[in-house]
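Listed below, chain by chain, are the residues.
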Amino acid sequence: FPYQRNFFYLLISLAPLSATGLYWLSELLFKYSKKYVFKKKVYSILPSALLIIIVLLFTFQNYYRIEPQQFSLQRIITQPEYKALVWLKDNYAPYNKVLAKPFLSATVYPISMNRVVGLIPSSVEGGAYARIYDFFNGNCEMKQRIVDEEKVDFVLSSEEVNCDFLGKVYYKDGVNIY
């Protein structure tokens, strides 16, 4: 679905319509309960309780089942990558510049308080996305030039970067920090 965000806004806009329907249903229930079921003045407790129970049952019936899978929770970081970012936060001062792949870059600042070279391209300008692409697909000379020009302090990668100018400071579970 190309515009998933718009779809969720549509779903949120359906809340007032649901409230209107619930109000109509409660009015209808109270009207008929007064007319046919209850002869005394205490007629609102039972229909109210019944309405609340029915609404809660239908609301939470399939609460944890998400279908189709494209709407399920998306994980953009793995546990080893998270541990590497926590290690970076614990062992170095904040506000260093980290070069990582775009999806992983979105998690660098919230976890380790470090800045990134670029993020996922979007309407809010993600920074030097092309530089990240060039770094991870280029040769060592290009990588050296990008690190120097962008003033990168750390490179975070799940792939081995075999360049002499990068010194590995962390490796665990397939995640490298240079």
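First things first, this report covers the structure right here in the doc. Each chain carries its own residue numbering, running from 1 in the direction its sequence is written. Reporting of local features is limited, given that this is a predicted model, to residues whose pLDDT is at least 70; pairs of side-chain atoms are given and counted only at 80 or more, and all residues count toward the totals for whole chains, interfaces and linings. Hydrogen atoms and water are omitted, and side-chain values are computed over all heavy atoms in the structure.

Topic: unusual backbone geometry
A positive phi is found at Tyr95, a non-glycine position, where the angle reads about 70°. Note on conventions: DSSP H or I runs of at least 4 residues are helices, E runs of at least 2 residues are strands, and numbering of each starts at the N terminus. Along the chain, Tyr95 turns up in the loop between α3 (79-91) and β1 (97-99). Of note, Lys151 is a non-glycine position whose phi angle comes to about 55°, a positive value. Along the polypeptide, Lys151 turns up in the loop between α6 (140-150) and β3 (154-157). For each residue, the accessible area found with a 1.4 Å probe, counting protein chains only, is set against the maximum for its type, and the residue is called buried under 20%, exposed over 50%, and partly exposed in between. Here Lys151 falls in the exposed class, since its relative accessible area comes to 64%.

Section: a nonpolar patch on the surface
Patch rule: a residue counts if its relative accessible area is over 30% and it has no salt bridge; like charges are joined within 9 Å, and nonpolar side chains (Val, Leu, Ile, Met, Phe, Trp, Tyr) within 5 Å. Computed with a 1.4 Å probe, the accessible areas rest on the Shrake-Rupley method; for each residue, only the protein chains presented here act as cover. Salt bridges, as used here, are contacts in which a Lys or Arg side-chain nitrogen is within 4 Å of a carboxyl oxygen on Asp or Glu. A surface patch of nonpolar side chains, about 450 Å² in accessible area, is lined by Phe8, Leu10, Leu11, Leu14 and Leu17. Within the secondary structure layout, Leu10 lies in helix α1 (residues 4-37).

Concerning the sheet that holds β3
In sheet architecture, strand pairing relies on hydrogen bonds along the backbone and comes in two forms, parallel and antiparallel. Here the rule is simple: two strands pair whenever DSSP picks up at least two bridges between them. Strand order in the open sheet formed by 5 strands is β2-β1-β3-β5-β4, with mixed pairing between adjacent strands. Either end of the sheet is taken by a strand with one partner, and the two such strands are β2 (115-116) and β4 (170-172).

Overview of the pairing of β3
Here β3 shows no split at all, with Phe154 and Leu156 on one side and Val155 and Ser157 on the other all buried. One ladder, built from 2 bridges, connects β1 with β3; its direction is parallel. Within the sheet, the bridge partner assigned to Leu99 lies in β3 and is Val155.

Looking at helix α5 (residues 129-137)
Within α5, burial applies to Ile132, Phe135 and Phe136. Along the long axis of α5, the arc covered by the buried residues comes to 85°, so they all point the same way. Those residues of α5 that are exposed and aimed more than 90 degrees away from the buried face are Tyr133 and Asn137. Each element contacted by the buried residues of α5 is listed here: β1, α4 (102-112), α6 and β3. The directions considered for the arc run from the helix axis to the C-beta atoms. Between two residues, a contact is recorded if the distance between any of their heavy atoms is within 4.5 Å.

Keep in mind these values describe shape, not function.
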